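Here is what each chain is made of, one letter per residue.
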Amino acid sequence: MHTITEAPTALYVITPSLVFFRICFVAVRRFVPIPKSLLQSSSRKQWMYHNTLVSLVHSGLSSCLVLYCFYDDPAMVYDMIHRWSMLSFYVVCFSADGFIATCFCFTGYFIHDFFDVLLHDLRNSPGLLFHHVLSCMACTFTTFSQLYLAFPTGCLLLEVNSIPLHLRRIMRYHQIDRSSLLYRFNLAILLITFVIFRFIPVSFMEIYVILHGQDQYLPCYLFGVFGLGGMVVVNVVLFLSLFNAEFGRDKNPKLENT
């Protein structure tokens, strides 16, 4: 076990990560051209394109760190309440505990994306905003309590699947042919990682919470059961929506948010 980071140290990690993702968004908006298919589209769709690119950066970064985290200490799988690991390298250039810096790094991203969506897409994204609020609350609680740290780490495994998911949306914005080898390859990776990094981890954590209910505080137990249960439902709905969009009889050729 390792000493928890103090609040001032945590803020030193949150602030640079928040600034980093804001700089990413500004850089993408300034230097990455809008696809031809979106030139005549609404400002919302143009914003979504840039937002997706920044989300892709976050997914790539978080996937590498989280996979290494479980590789570095696989014992977290067996004790998800008390066990947590410290990454063997510092996150970016922050002189803080590796695992904690990782949690707060992603908290910085959630804060960035929360305000980005709040300013540009409030009407269409109340669910996403609620998700970000819960994510920040969960990461903050687990970090300072030194309990359940393996759960947000396990949830971040979903970001591995988010990489091909974001790439699919970007390819659709660029109107890449669905029958092309590139699109089909990404779709195959998307479906495979959906099962491996979405269904399996969330289902495993839900079962773990239920089986170890006697070892948890009641509020944490209820939050885990209903929170992870909600994630299972969301993943099923997302998978069915994705499957229908790609293999359904009435495939819409227009660019959707799926």
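Each chain has its residues counted from 1, running along the sequence as written. Reporting in this predicted model follows two pLDDT cut-offs: at least 70 for local features of residues, and 80 or more for side-chain atom pairs to be given and counted; totals over whole chains, interfaces and linings ignore these cut-offs and use all residues. The side-chain numbers reported here are obtained from all heavy atoms of the structure, hydrogens and water having been left aside.

Put simply, DSSP H or I for four residues or longer makes a helix, DSSP E for two residues or longer makes a strand, and each gets a number counted from the N terminus. Along the protein, the regular secondary structure elements total eight helices and zero strands. Ordered by position in the sequence, the α and β elements of the protein form the string α-α-α-α-α-α-α-α. Buried residues are those whose accessible area, probed at 1.4 Å on protein chains only, stays under 20% of the maximum for their type, while exposed residues exceed 50% and partly exposed ones sit between those limits. In the protein, buried positions account for 45% of the 258 residues.

Next up on the list: the packing of helix H6 (residues 158–173) against helix H8 (residues 218–247). Axes here refer to lines fitted to C-alpha atoms; in helices the fit is confined to the stretch in contact. Angles between the N-to-C directions go from 0 to 180 degrees. Viewed as axis vectors pointing N to C, H6 and H8 meet at an angle of 30°, and their least axial separation amounts to 14 Å. When the axes of H6 and H8 are compared, the pair comes out roughly parallel. As for the relative orientation of H6 and H8, their crossing is left-handed in sense. Together, Leu 158, Leu 165 and Arg 168 of H6 and Met 231, Asn 235, Leu 238, Leu 242, Ala 245 and Glu 246 of H8 make up the contact between the two elements. Here the residues of the contact of H6 with H8 are counted per class, giving six nonpolar, one polar and two charged. Should an angle fall under 35 degrees it is taken as roughly parallel, and over 145 as roughly antiparallel, whereas 65 to 115 is taken as roughly perpendicular and any remaining angle as oblique. We call a crossing left-handed when the near helix sits turned anticlockwise from the far one by less than a right angle, and right-handed when that turn is clockwise. Every residue pair with non-hydrogen atoms within 4.5 Å of one another is taken to be in contact. When residues are grouped by polarity, Ala, Val, Leu, Ile, Met, Phe, Trp, Tyr, Cys and Pro land in nonpolar, Asp, Glu, Lys and Arg in charged, and all others, Gly among them, in polar.

Each pair of aromatic rings taken from Phe, Tyr and Trp, with Trp reduced to its six-membered ring, is defined by centres within 6.5 Å and is described as stacked if the planes are under 30 degrees apart, edge-to-face if over 60, and tilted in the remaining cases. All told, the structure shown has nine aromatic pairs when counted by the stated rule. Aromatic pair Tyr 68 and Tyr 71: ring centres 6.0 Å apart, planes at 45°, arrangement tilted. Of the two residues, Tyr 68 and Tyr 71 both sit in helix H2 (residues 43–72), three residues apart, roughly one turn of that helix. By relative accessible area, Tyr 71 is classed as exposed at 66%. Ring-pair connections join several aromatic residues into one group, and the members of that group are Phe 194, Phe 199, Phe 239, Phe 243 and Phe 247.

What follows is about the layout of surface pockets. In this structure, the second largest pocket encloses a volume near 270 Å³. Mapped onto the lining of the second largest pocket, the elements with two or more residues apiece are H2 and helix H7 (181–211). A total of six residues in the lining of the second largest pocket trace back to one element, the largest contributor, which is H7. Across the lining of the second largest pocket, the residue classes break down as 11 nonpolar, one polar and no charged. A pocket here means an open set of points on a 1 Å grid, computed over the protein atoms alone, that has protein on both sides within 12 Å along at least five of seven lines. A cavity is instead a set of points where a 1.4 Å probe fits but cannot get out; residues with an atom within 4 Å of a point line either one. Grid points are joined across faces, edges and corners, and a volume is the space filled by probe spheres set on the points.

Let us now look at a nonpolar patch on the surface. A patch consists of residues exposed above 30% relative accessible area that lack any salt bridge, with like charges linked at up to 9 Å and nonpolar side chains (Val, Leu, Ile, Met, Phe, Trp, Tyr) linked at up to 5 Å. Per-residue accessibility takes into account occlusion by the displayed protein chains alone, with areas from the Shrake-Rupley method and a 1.4 Å probe. One side-chain nitrogen of Lys or Arg within 4 Å of one carboxyl oxygen of Asp or Glu is enough to make a salt bridge. Taken together, the side chains of Ile 192, Val 195, Ile 196 and Ile 200 make up a nonpolar region of the molecular surface, amounting to roughly 330 Å² of accessible area. Within the secondary structure layout, Ile 196 lies in helix H7. Accessibility expressed as a relative area gives 41% for Ile 196, which makes it partly exposed.

What follows deals with the confidence of the model for the protein. Where the model shows low pLDDT, its predicted coordinates should not be examined in detail. When the pLDDT values of the protein are averaged, the result is 76; 64% of them are 70 or greater. pLDDT is defined as a per-residue confidence score from the predictor, taking values between 0 and 100. Summarising per-element confidence for the protein, the mean pLDDT is lowest in helix H3 (residues 98–120) (55) and highest in H7 (94). Long-range and interchain partners of residues 1–8, a stretch whose pLDDT sits below 50, account for 21 contacts in this model, where long-range means more than four residues apart. Taken as a whole, residues 253–257 scores under 50 in pLDDT and shows 10 contacts with residues more than four places along the chain or in a different chain.

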